[in-house]
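Examination of the molecular architecture
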Amino acid sequence: MRTRDVTKGRGGAAPLSLAATLAALALSLLPATASAKPVHVVVGLDLSKSNPLVDDDAYARKVADYVEDYVIDAELKSQVTLRSFGSYNTSDRNLRQDYVISTRQPADAVSVITREIIAGIPKLVAAGRLTAQNNTNILAFLENMAERVDCRSHEVVMILVTDGIEDSEYARMVRQGATLPEPEEALYQGCDELHILGLGQGQTSPELTKRLREQWTLWAEKAGFEEFYGLNDW
């Protein structure tokens, strides 16, 4: 594509002044992030007994480090949502925390709080302040959270800390050949990223981890996410 000569007007008009040229250059160099949408980081913490998050301090700290990277540089008006899940329709000692990044509550402060909560999950479970669950309703959690996010006003990053083994009426993914049902609609159309941390953790089966990653990749695409990251380890 040819570039127009900005030093000449139509019909051989006089060149732009040095000040005008510098002003135009300054505008062209404005950072692209100036008009970027704030981010909404949603962290789903699977408290199912099969997830090492509930009893492994080192694992919980590793998860906390991963999540912190997405919070610490968040722009003003960004949101951070922490939720626990496991068995369906239980409110017994669940985790529910919400933060909005502002001048009074800056991103670095929220990142510290978020990190401390996630790293402390095993201790909270051991102390009885959170309850380990017997089932893993991941799909139901995602369906509920779809009502909580707005992919038009925010860059939505969903981070699920789970082994990815749906264990519900929808699917029993630990069974050989089991598949995830496709979402009935694009629940997260236009949303940016879905991360699953810990796919297949605790199962010692690379084949199961591979099948889980394939199934969740398909689900994320059908649900409308632009990117999917399924990590067994990181």
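The paragraphs below set out a description of the structure included in this document. Note that the structure is a prediction, hence the values are computed from the model and not measured.

1. Observations regarding helix 2 (residues 57-71)
With 15 residues, helix 2 extends 21 Å between its outermost C-alpha atoms, agreeing within 8% with the 21 Å of an ideal straight helix rising 1.5 Å per residue. Taking the backbone nitrogen of Ala58 as reference, a side-chain oxygen 3.1 Å away marks Asp56 as the first, capping residue of helix 2.

2. Some remarks on the sheet that holds strand 1 (residues 39-46)
Ordered by their spatial adjacency, six strands build an open sheet running 3-2-1-4-5-6, and the pairing between neighbours is mixed. Each end of this open sheet is capped by a strand with a single partner; those strands are strand 3 (96-100) and strand 6 (227-231). Across the sheet, the mean angle separating the axes of adjacent strands is 10 degrees when strand polarity is ignored. In terms of strand pairing, strand 5 (residues 193-197) meets strand 6 through five bridges, oriented parallel. Bridging across to strand 6, Leu194 finds its partner in Phe228. Packed onto the sheet, helix 3 (residues 107-119) meets strand 1, strand 2 (79-85) and strand 3 and runs at close to 10 degrees relative to strand 2.

Here is what the cut-offs are and how they apply
- Residues numbered from 1 in each chain as written.
- Predicted model: local features only at pLDDT ≥ 70, side-chain atom pairs only at ≥ 80, totals over all residues.
- Heavy atoms only, no water.
- Helix = DSSP H or I, 4+ residues; strand = E, 2+ residues; numbered from the N terminus.
- Expected span 1.5 Å × (residues − 1).
- Polar contact = N/O pair within 3.5 Å; in protein donor to acceptor, adjacent residues only side chain to side chain.
- Pairing = 2+ DSSP bridges.
- Axes fitted to C-alpha atoms, helices over the stretch in contact; angles between N-to-C directions.
- Contact = heavy atoms within 4.5 Å.

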